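# Overview (structure and organization)
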Amino acid sequence: MADAARSTDRLEALDITRKLAAICGTPFARFAGPADEVAGRTARWVAVPGGPHAAAEVLRLAAAHDLTVVPRGAGTKIDWGAAPAQVDIMLDTGRLAGVWHEPRDAAVAEIGAGTPLRAVQATLARTNRRLPVDAPSPGATLGGVLAADESGPLRHRHGSPCAQLVGVRYLDADGELVSVGESGTEALGRATPGSGGGRASGRGPAGDGGGGAGSGPAGAADGFGWGAGGLADGPGWGVGDPAGGAGGDPGRGGGDAILGRGEVPGLDVARLLCGSQGGLGVLVSATMRVHAVPAGRLWVSRPVWTPLEVHDLVRAVLAAGVDPAAVELDLPVPVPLPRRRIPPTHPSVVNRPDHPAVTGRPAAGSLVVLLEGGPADVTERAERLTAVLGAEAIVSHHAPEWWGRYPFAPGDTALRIEVPINDLHAAVYALRDATGGPVPVRGSAGSGTVHAALSGALPPERVASILTAVRSVLIARRGRCVVVAAPAAVRRAVDLWGELPTLPRLRSAKAHLDPHHRLAPGRLPGGL
C-alpha cells in the first residue's frame, strides 16, 4: 500500500509539473532544488510565469490541488521573518518585469513586481527622475521591497515605499487579477501593458489604511506595522474600528471592518500588501510616485560618542530648518576614528569637561545628514547645518561607505528597533545593557528606525532574554523591537514580533483575502 501511495504521489507530482510547464513554458517550471528555500523551508516546485495571466493560472492550479504558494523576487530577503508552514509552489516573479511611464513629465510610473530596483532607477534616470526608494538589499526587486516594505535613508523625507504607492495590480488567492488605486498608464487614458481583464476593485477593502509617511510615533516617517521583521511600516493596522462597516456593500466584504473608511478607495489594499511577505496577495505591478533627480546633494557628517549625544544632535538638526532628506546614524564604527581634541570652552562642550571630545577618546560612530535640492540652496543649508553641528562637522559630495547598508551580516540575528526619536537613545542603551556591551546599530535616527546586529553565535535563550529586556524598556515608550532575520535555532525559539495589539485586525484581513491560507501560510505574525 505504501509503495502504491508513493507511486500515486509521484504520478501526481509529475502531472503538476507538466501543468506548470504548460502554463509557464518548459524552461520555466521545474521541481525545486536545495536552493529554493523560504526561511529554511524547501519548496516542491518553482514556477516562473511570463505574465499576469500565467501567474493567475499558477494560482488556480494551486487552488485546484490544495497547494500553497509563496512568491519570490530576487530572494534577497527570502530568509527574513518566520518560516512558512509549507511551500508547495514557489512563484518566481522574475518575468513580471518592466517599467511603463510617460517620459519626462509623468508624475507616476507603473512597474512590474519582478523588476530589479536598480533597473527601475536606471530607466527613470534617462528622463532625470527617480523613485524616492533606496532599499538597502542589493539586487532587490520592487515587489520584494514592497512585500517587506523595506526602507532606506530616504524614508526620512518620503516615508516608506508603501507611502509612494498610487495603485497596485495583484492576484488574490483564487488567481483573480485585481486592480486598485490608479494605474500610471490608465490615468493617462492608455491601456496598461500586459493587462487585459481583471477587476476594478475586487476583494480589497475600500477604506484607507492610514499607513505610510507621518503615521508613526513622534515624527517617525513610517507607521508602525505588523510585518515580519517589523517591515510593514505602511499598513497602519491601528486605523479604523474593527466592527465598523459590517453589513455594507457585500462586494467589498469585510473591508471597512478591517481598516475603516478612508478618502482614497483602494489604496488600503496596497497598504495591506506592503509588508505582508506575500501572505495576502501576489503583487503583479505597482504604480509609484516619481520625482525629479535633485540637482545637488551634500552629506554633512559629525563624529559622535554616546547615544545621548546623538539624541541632542538630532533634535538640533530637526530644529535647524535645513529640511534634511535623511538623518542616518552609524554606531559604533568598527575602527575608531582618529580625531583631535577641541578646547573645553567650545560651545558644543561647554560645562562638560568629561566629554570625549575634550578628553580625546576616539569617536564611537557618526551622524550623517543628507541635503538635497538646488546646488546653491543645498550649499547654503549645509553651511547653516555645520554651524549647528560644530567645528567637527564635515561636508562631502559623497555618501560614507556604510550609507544605506545594514549593520548585520548573514548568520547574525538582525533586529529592527522602532521608537519615537526622543527615546532612541534609551533603546540603544537598553540594548547595550541587555547584551553587556556595544552592539552595531545603524539606521534612520531622524525617524526613530534603526537596525542592530547580535552575533549568530549567541544561544537562542540568550537572544530571548535580550529581546525581553529591550522590549520591556520600549513598551512604555510606544516602541517595539522585532527580529528581522536569525539563525534557524533562534527563529524557532524566540518571539519574532513581540506584543502586537493589531493581531486581531491582521487575522481578519487574512481571513478576508486568503481564507484557505494558501498564500505563504505561517509567514505572518500569529502563524497566519
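Please read these numbers as outputs of a predicted model, since none were measured by experiment.

Definitions and limits used
Residues numbered from 1 in each chain as written. Predicted model: local features only at pLDDT ≥ 70, side-chain atom pairs only at ≥ 80, totals over all residues. Heavy atoms only, no water. Patch = residues over 30% accessible without salt bridge, like charges linked within 9 Å, V, L, I, M, F, W, Y side chains within 5 Å. Areas by Shrake-Rupley, 256 points an atom, 1.4 Å probe, with all protein chains shown as cover. Salt bridge = Lys/Arg side-chain N within 4 Å of Asp/Glu carboxyl O. Buried < 20%, exposed > 50% of the residue type's maximum accessible area, 1.4 Å probe, protein only. Helix = DSSP H or I, 4+ residues; strand = E, 2+ residues; numbered from the N terminus. Expected span 1.5 Å × (residues − 1). Arc of directions from axis to C-beta. Phe/Tyr/Trp six-rings, centres within 6.5 Å; stacked < 30°, edge-to-face > 60°. Lys NZ or Arg CZ within 6 Å of the ring centre and 35° of its normal. pLDDT = per-residue confidence, 0-100. Contact = heavy atoms within 4.5 Å. Pairing = 2+ DSSP bridges. Axes fitted to C-alpha atoms, helices over the stretch in contact; angles between N-to-C directions. Core = buried A, V, L, I, M, F, W, Y, C linked by side-chain atoms within 4.5 Å. Polar contact = N/O pair within 3.5 Å; in protein donor to acceptor, adjacent residues only side chain to side chain.

On to a nonpolar patch on the surface. On the surface, Leu 11, Leu 14 and Phe 31 cluster together into a nonpolar patch covering about 290 Å² of accessible area. Assessed through its relative accessible area of 41%, Phe 31 is described here as partly exposed.

With 15 residues, helix H12 (residues 460-474) ought to run about 21 Å at 1.5 Å a step, and its terminal C-alpha atoms sit 21 Å apart, in line with that. Every buried residue of H12 is listed here: Val 463, Ile 466, Leu 467, Val 470, Arg 471 and Leu 474. End-on view of H12: buried residues confined to an arc of 125°, all on one side of the axis. In H12, those exposed residues whose orientation departs by more than 90 degrees from the buried face are Glu 461 and Thr 468.

This part is about the packing of aromatic side chains. A ring pair, where both rings are aromatic, is described by two values, the distance of the centres and the angle of the planes. Across all of its chains, the model carries six aromatic pairs by this definition. Residues Phe 31 and Trp 45 carry aromatic rings whose centres are separated by 6.3 Å and whose planes lie at 25° to one another, so their mutual orientation is stacked. Here Trp 45 lies in strand E4 (residues 45-47) and Phe 31 lies in strand E1 (residues 29-31), a separation of 14 residues in the sequence. Centre to centre, the rings of Tyr 406 and Phe 408 are 4.8 Å apart; their planes meet at 15°, and the pair counts as stacked. Here the aromatic residues Trp 80, Tyr 406 and Phe 408 are joined through ring pairs into a cluster of three or more. Above the face of the Phe 28 ring, Arg 95 is positioned so that its terminal group lies 3.7 Å from the ring centre.

All right, on to the confidence of the model for the protein chain then. Mean pLDDT over the protein chain stands at 80; residues scoring 70 or higher make up 76%. Segment residues 1-8: pLDDT under 50, and zero contacts once partners within four positions in sequence are set aside and those in other chains are kept.

Next up on the list: the pattern of salt bridges. Under the defined criterion, the tally for this structure stands at 20 salt bridges. We note a salt bridge from Glu 150 to Lys 77, for which the minimum N-O separation is 2.9 Å. Of this pair, Glu 150 sits in the loop between helix H4 (142-148) and helix H5 (155-158) while Lys 77 is found in the loop between strand E5 (69-72) and strand E6 (89-92), placing the two residues 73 residues apart along the sequence. By relative accessible area, which is 8% here, Lys 77 ends up buried. In this structure, Glu 372 engages Arg 297 in a salt bridge whose closest nitrogen and oxygen atoms are separated by 2.8 Å. Within this pair, whereas Glu 372 is found in strand E16 (residues 365-373), its partner Arg 297 is found in strand E14 (residues 296-304), the two being separated by 75 residues in sequence.

Further remarks concern the environment of Trp 100. Mapped onto the secondary structure, Trp 100 falls in strand E7 (residues 99-100). Sequence separation between Trp 100 and Gly 112 is twelve residues, and the spatial gap between their C-alpha atoms is 8.4 Å.

Moving on, we come to the sheet that holds strand E21 (residues 480-485). Pairing between the strands of a sheet is mediated by backbone hydrogen bonds and can be parallel or antiparallel. With antiparallel pairing, the eight strands of this open sheet are ordered in space as E17-E14-E16-E15-E19-E20-E18-E21. Each of the sheet's edge strands pairs with one partner strand only, and the pair in question is strand E17 (394-396) and E21. Ignoring strand direction, the axes of neighbouring strands in this sheet form an average angle of 20°. Relative to strand E20 (residues 449-454), strand E19 (residues 441-444) is paired through four bridges, and the arrangement is antiparallel. Residue pairing across strands places Gly 443 opposite Val 450, the latter belonging to E20. Packed on one face of the sheet, helix H10 (residues 375-389) meets E14, E16 and E17 and runs near 10° to E14.

Another aspect to go through is the pairing of E16. Most of E16 sits inside the fold, with eight of its nine residues counted as buried. Pairing between E14 and E16: nine bridges, direction antiparallel. Opposite Trp 299, over in E16, you have Leu 370 as the bridge partner. Here strand E15 (residues 326-331) runs beside E16; their pairing, made up of five bridges, is antiparallel. For Ala 326, the partnering residue across the bridge sits in E16 and is Leu 370.

Formed by 47 residues in total, the largest nonpolar core has its most connected members in Leu 367, Leu 371, Leu 385, Leu 415, Ile 417 and Leu 431. Among all residues touching Leu 385, those that are not within four sequence positions of it are Val 300, Val 317, Val 322, Val 369 and Leu 371. The next biggest cluster of nonpolar side chains, apart from the first, holds 35 residues, and it includes Ala 109, Leu 283, Val 290 and Leu 500.

Right, let's get into the side chain of Arg 130. Along the chain, Arg 130 falls in strand E9 (residues 129-130). Only 2.7 Å separates the side chain of Arg 130 from the side chain of Glu 372, close enough to count as a polar contact. Excluding its chain neighbours within four sequence positions, the residues that come into contact with Arg 130 are Gln 121, Leu 124, Leu 154, His 158, Val 290, His 291, Ala 292, Val 293, Pro 294, Arg 297 and Glu 372.

Here the focus is the environment of Glu 57. Note that Glu 57 resides in helix H2 (residues 52-64). Residue class for Glu 57 comes out partly exposed when judged on its relative accessible area of 37%. Here the alpha-carbon distance between Glu 57 and Leu 20, two residues 37 residues apart in the chain, equals 8.7 Å.

Looking now at the pairing of E19. Here four bridges tie E15 to E19, and the two strands are oriented antiparallel to one another. Residue pairing in the sheet places Leu 331 in a bridge with Val 441 of E19.

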